[in-house]
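Chain by chain, the residues:
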Amino acid sequence: DLGCGIGGTLKHLYEKRGYAWELFGVCSSSKEERIAVLNLPLAVDVVALDYHDVSLTERFYPLHGVYAVESLCQSWDRPQVLTNVWHALVPGGVFLVLDAMLDGDVHHAGGLLKLYEDVRAGFHVPDLYEVPLMTRLVNAGFEVEKELDFTPNVAESIFDSAGRAIYRDGTNCIPLRTQLHGLACAGMAGLLAHKRLRYTLTIARKPIDADTQAE
């Protein structure tokens with residue numbers, strides 16, 4: 001799990017497939033690591049590590065699968081992260097990315113740019129794949145197998161989050177960081193309402209005949 005946070009998805013996978021899979025998680029801080037260790041069985045290994053660091057490959061190779069749920073968007077150098085993942089995978093290994101992505105132009109669309117800026121500031125992301133993820137994956141050597149639209153699965157929760165944020169921010173004195181997060185939630189809903197946002201599962205694979213470190 002590339003960006004496992006406190007280990008929620010890893011815990012779910014362990015309960016479903018722990019008997020068959022060896023699971024690892026990479027989180028972004030020692031605080032997250034401590035909480036994840038408390039939340040997860042001892043059999044699941046979690047480490048705080050910058051996923052831009054080449055030591056990601058050295059620590060985890062060989063992997064049969066890597067997934068990133070709402071975490072790759074936070075990267076300031078996605079080509080480097082994708083290179084690390086590519087080298088950590090065995091030939092034929094799968095990389096799954098589930099994330100929100102721009103769907104159309106927002107830089108020349110009036111008020112939509114402000115919504116987008118609120119999303120970036122509140123969620124601490126450099127962008128929402130202004131260079132399409134598929135392009136990045138192909139350039140990194142992956143074969144992209146599928147792009148599945150998950151927007152209908154999450155649209156209701158995005159609008160619910162925005163509604164709660166607007167109500168809370170409008171009626172309570174809250175810290176600036178929480179205010180920015182609330183504006184980001186509202187920005188996501190606004191972009192989605194204007195059909196400039198989609199939530200996508202991208203499935204890519206390292207070519208079966210790719211040169212690896214196995215030799």
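Relevant structure appears above.
Residues numbered from 1 in each chain as written. Predicted model: local features only at pLDDT ≥ 70, side-chain atom pairs only at ≥ 80, totals over all residues. Heavy atoms only, no water.

Counting residues in each nonpolar core, the largest one holds 49 residues, and the members touching the most others are Leu2, Leu72, Val85, Phe95, Leu128 and Phe142. Among the elements that make up this core, the one with the highest residue count is strand β4 (residues 89–102) (eight residues). Aside from chain neighbours lying at most four places away, what touches Leu72 is Tyr51, Arg78, Val81, Leu82, Val97, Asp99, Tyr129 and Leu133. Within the second largest apolar cluster, ten residues are counted, among which are Leu10, Leu23, Val44 and Tyr67. (Core = buried A, V, L, I, M, F, W, Y, C linked by side-chain atoms within 4.5 Å. Buried < 20%, exposed > 50% of the residue type's maximum accessible area, 1.4 Å probe, protein only. Helix = DSSP H or I, 4+ residues; strand = E, 2+ residues; numbered from the N terminus. Contact = heavy atoms within 4.5 Å.)

A separate point is the sheet that holds strand β5 (residues 143–149). Strand order across the open sheet formed by four strands is β3-β4-β6-β5, with mixed pairing between neighbours. The sheet terminates laterally at β3 (63–69) and β5, the two strands that pair on one side only. Adjacent strand axes in the sheet meet at a mean angle of 15°, parallel and antiparallel pairs treated alike. (Pairing = 2+ DSSP bridges. Axes fitted to C-alpha atoms, helices over the stretch in contact; angles between N-to-C directions.)

Further remarks concern a nonpolar patch on the surface. A cluster of nonpolar side chains, Leu176, Leu180 and Leu183, forms an exposed patch at the surface whose accessible area comes to about 260 Å². Mapping Leu180 onto the fold places it in helix α8 (residues 176–193). (Patch = residues over 30% accessible without salt bridge, like charges linked within 9 Å, V, L, I, M, F, W, Y side chains within 5 Å. Areas by Shrake-Rupley, 256 points an atom, 1.4 Å probe, with all protein chains shown as cover. Salt bridge = Lys/Arg side-chain N within 4 Å of Asp/Glu carboxyl O.)

Each neighbour pair has its own omega, and for Tyr61 with Pro62 the value is 0°, a cis peptide bond. Counting through the fold element by element, Pro62 comes out in the loop between α3 (55–60) and β3.

As a further point, take the environment of Pro132. Position of Pro132 among the secondary structure elements: in the loop between α5 (111–123) and α6 (133–139). Look at Pro132 and you get partly exposed, because its relative accessible area is 41%. Taking C-alpha positions, Pro132 is 8.7 Å from Leu102, a pair spaced 30 residues apart along the chain.

In this description, a pair of aromatic rings is defined by centroid distance and the angle of the planes. Across all of its chains, the model carries two aromatic pairs by this definition. Centroid distance Phe24 to Phe60: 5.6 Å. Interplanar angle 65°. Geometry classified as edge-to-face. Taken as a pair, Phe24 in strand β1 (residues 24–27) and Phe60 in helix α3 lie far apart in primary sequence, 36 residues in all. Residue Phe60 is classed as buried on the basis of its relative accessible area of 8%. Between the NZ or CZ atom of Arg78 and the centre of the ring of Tyr129, over which it lies, the distance is 4.3 Å. (Phe/Tyr/Trp six-rings, centres within 6.5 Å; stacked < 30°, edge-to-face > 60°. Lys NZ or Arg CZ within 6 Å of the ring centre and 35° of its normal.)

With that out of the way, let us pick up the packing of α5 against α8. It is the contact of α5 with α8, at a shortest axis distance of 7 Å, that shows an interaxial angle of 135°. When the axes of α5 and α8 are compared, the pair comes out oblique. The two elements α5 and α8 meet at a crossing, and its hand is left-handed. Side by side, α5 and α8 meet where Leu112, Leu115, Tyr116, Asp118, Val119, Gly122 and Phe123 of the first sit next to Leu180, His181, Leu183, Ala184, Cys185, Gly187, Met188, Gly190 and Leu191 of the second. (Parallel < 35°, antiparallel > 145°, perpendicular 65-115°, else oblique. Left-handed = near helix turned anticlockwise from the far one by under 90°.)

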